[in-house]
Protein chains: 2
Amino acid sequence: MARLSFREQMLRVREDAIVDSVNRLLAEKGFDLMTVDEVAADVGIAKASLYKHFASKEDLAAAAMIRALDRALAQLERLRASQPQPSPLELLKAVARWSMQVQLAGEMPSLPSQNSSLRTSLLHNAAYLHRLTQVSDQLGEWILAAQSDGSLDTALPPELILFTLYARACDPVLTVLKAGGQHSDEQIVEWLLRTCFQGLMTTPAKS
Amino acid sequence: MARLSFREQMLRVREDAIVDSVNRLLAEKGFDLMTVDEVAADVGIAKASLYKHFASKEDLAAAAMIRALDRALAQLERLRASQPQPSPLELLKAVARWSMQVQLAGEMPSLPSQNSSLRTSLLHNAAYLHRLTQVSDQLGEWILAAQSDGSLDTALPPELILFTLYARACDPVLTVLKAGGQHSDEQIVEWLLRTCFQGLMTTPAKS
DNA sequence: GTCTATATCAAGATAGAC
DNA sequence: GTCTATCTTGATATAGAC
């Protein structure tokens, strides 16, 4: 990686501030309800200036999604390197806990589950898809390992488990409970981890 | 209920057709991406005619949501009257199964979890709120009963269980798995019921 | 109540000066 | 690269004739 000139560093910092705002607004209101005017106002620059950095609203959102995936990848790497090495199930729980914490902090840019211009644009974004594949590959590896060692149910297809983990990372139950204001973030996360991995039913005592 | 004139019956039928279209489009694309033009085209009447029946797009969606809740209430009533009376846990599972089936059939009008004009308008809609309360009351009753008889985890607050059931009724995992086209609807529903109530982990054998 | 045609407005994107 | 001012589009909603 070549050294950056002062000018390039300024550019980098400015764009980072933009992506910060987009990330937060995306987490708050979602892609459809977020307006480019809001982003510009939030960053404190004119809308036209935004468009000098990013060609479209979709590109803006894609940048935020890519950075979120980069952070996820960094987190996966930290977990993979942790000593003593946790079991596959513990690794997956740790990932789920981390993503829930990110969401509670209002920093999880959730893409709309329904079809939107964002989804189609992301499906043509190589940088995004590459990172998404990397995350899925690592999780898939742990899922298979957890099924092999008997901790995750082998009756469930691995892809179902993968999709479920993705879905729980932006579970609306988190938001609703936090909005209720009755419980601490930590308590909410532990409950949702419990329902994700053990379900709603009473856990039978292990024999 | 007074007898309806022929004219009034025609009106009723027409409005029912409109709500049908709205319901389907709402399930397909969600509120924000559904346009009134689409609804009009789908019903086969002019947009201005739509606005003679419903004052706004929000009212249109509210009508669909209200009808969906009415169907849920009817389903709850059927379950409540079923003989022999199932256990509370079985009743809750039956509700979850039913709502998942409705969603897979493309007939579940999901409201956006994020704040939108629809959410705020629904919060001021007495007819909607009344039905939502009725549904929640019935489910809440069963949840408490299931916790009392030891089948649902008493460590979880009843409201968390209620929210979770609502969330699973429009779980994106359902849509994604169905889109994959690898599995039958029945199989998908059974898997998701399993993950909802027992979680992802291997179920320990009961002693 | 239904239609065609139109008003209105919000939001994505751009022109052109500096 | 940043700004102000403007273009353009698409979508909600309405006017007014029949």
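As the structure is a computational prediction, the values presented were derived from the model and not from experiment. (Residues numbered from 1 in each chain as written. Chains lettered and ligands numbered in written order. Predicted model: local features only at pLDDT ≥ 70, side-chain atom pairs only at ≥ 80, totals over all residues. Heavy atoms only, no water.)

**Brief notes about the protein's contact with DNA strand C**
For DNA strand C, the set of nearby residues contains 17 residues, the closest of which are Tyr51(A), Arg14(B), Ala46(B), Ser49(B) and Lys52(B). Side-chain polar atom of Lys47(A) to a base nitrogen of DNA strand C: 3.0 Å apart, as the coordinates give it. At 2.7 Å from a phosphate oxygen of DNA strand C is found a side-chain nitrogen or oxygen belonging to Arg14(B). Secondary-structure elements contributing two or more residues to the surface near DNA strand C are helix 2 (36-43) and helix 3 (47-53) of chain A together with helix 1 (6-33) and helix 3 (47-53) of chain B. (Near = heavy atom within 4 Å. Polar contact = N/O pair within 3.5 Å; in protein donor to acceptor, adjacent residues only side chain to side chain. Helix = DSSP H or I, 4+ residues; strand = E, 2+ residues; numbered from the N terminus.)

**Thoughts on empty space enclosed by the protein**
Inspection of every chain in the model, using the stated rule, returns four cavities of 30 Å³ or more. What the largest cavity holds in volume is close to 80 Å³. Lining the largest cavity, in full, are Thr164(A), Arg168(A), Thr195(A), Cys196(A), Leu200(A), Thr164(B), Arg168(B), Thr195(B), Cys196(B) and Leu200(B). Looking at the lining of the largest cavity, the elements that each hand over two or more residues are helix 8 (158-169) and helix 10 (185-197) of chain A together with helix 8 (158-169) and helix 10 (185-197) of chain B. (1 Å grid on protein atoms, 1.4 Å probe; cavity = no way out; pocket = protein on both sides within 12 Å on 5 of 7 lines; lining within 4 Å. Points joined across faces, edges and corners; volume = space filled by probe spheres on them.)

**A short note on the side chain of Lys57(A)**
All names here are of chain A. You can see Lys57 is positioned in helix 4 (residues 57-81). Although Lys57 is buried, it forms no salt bridge, and the closest oppositely charged side chain is Asp32 at an N-O distance of 5.6 Å. Among all residues touching Lys57, those that are not within four sequence positions of it are Phe31, Asp32, Met34 and Val36. (Buried < 20%, exposed > 50% of the residue type's maximum accessible area, 1.4 Å probe, protein only. Lys, Arg positive; Asp, Glu negative; His and termini not counted. Salt bridge = Lys/Arg side-chain N within 4 Å of Asp/Glu carboxyl O. Contact = heavy atoms within 4.5 Å.)

**Let's talk about the packing of helix 4 of chain A against helix 5 (residues 88-104) of chain A**
All names here are of chain A. It is the contact of helix 4 with helix 5, at a shortest axis distance of 11 Å, that shows an interaxial angle of 145°. The handedness of the crossing between helix 4 and helix 5 is right-handed. On the side of helix 4, the interface is formed by Arg71, Ala72, Gln75, Leu76 and Leu79, while helix 5 contributes Leu91, Ala94, Val95 and Trp98. Residues belonging to the contact of helix 4 with helix 5 are distributed by class as follows: seven nonpolar, one polar and one charged. (Axes fitted to C-alpha atoms, helices over the stretch in contact; angles between N-to-C directions. Left-handed = near helix turned anticlockwise from the far one by under 90°. Nonpolar A, V, L, I, M, F, W, Y, C, P; charged D, E, K, R; others polar.)

**Some words on the interface of chain A and chain B**
Opposite the 49 residues of chain A that make contact, chain B presents 49 residues. Where chain A abuts chain B, roughly 3,900 Å² becomes buried across the two surfaces, and 65% of that area is made up of carbon and sulfur atoms. Sorting the residues of chain A by area buried against chain B places Gln114(A), Leu200(A) and Met201(A) first, and these three jointly supply 19% of that buried surface. Connecting chain A to chain B are four salt bridges. (Buried area = accessible area lost by both parts, 1.4 Å probe.)

**Some thoughts on the packing of aromatic side chains**
Evaluation of the coordinates by the stated rule reveals zero aromatic pairs over all chains. Sitting above the plane of the Phe31(A) ring, Lys57(A) keeps its charged end 4.5 Å from the centroid. (Phe/Tyr/Trp six-rings, centres within 6.5 Å; stacked < 30°, edge-to-face > 60°. Lys NZ or Arg CZ within 6 Å of the ring centre and 35° of its normal.)

**Comments concerning the packing of helix 5 of chain A against helix 7 (residues 126-148) of chain A**
Residues and elements named next belong to chain A. Two numbers describe how helix 5 lies on helix 7: the axes approach to 8 Å, and their chain directions differ by 140°. Between helix 5 and helix 7, the angle is such that the two are oblique. As helix 5 runs across helix 7, the sense of the crossing is left-handed. Contact with helix 5, carried on its side by Pro88, Leu89, Leu91, Leu92 and Val95, involves Leu139, Trp142, Ile143, Ala145 and Ala146 of helix 7 and no other residues of that element. Here the contact of helix 5 with helix 7 is built from residues that sort into ten nonpolar, no polar and no charged. (Parallel < 35°, antiparallel > 145°, perpendicular 65-115°, else oblique.)

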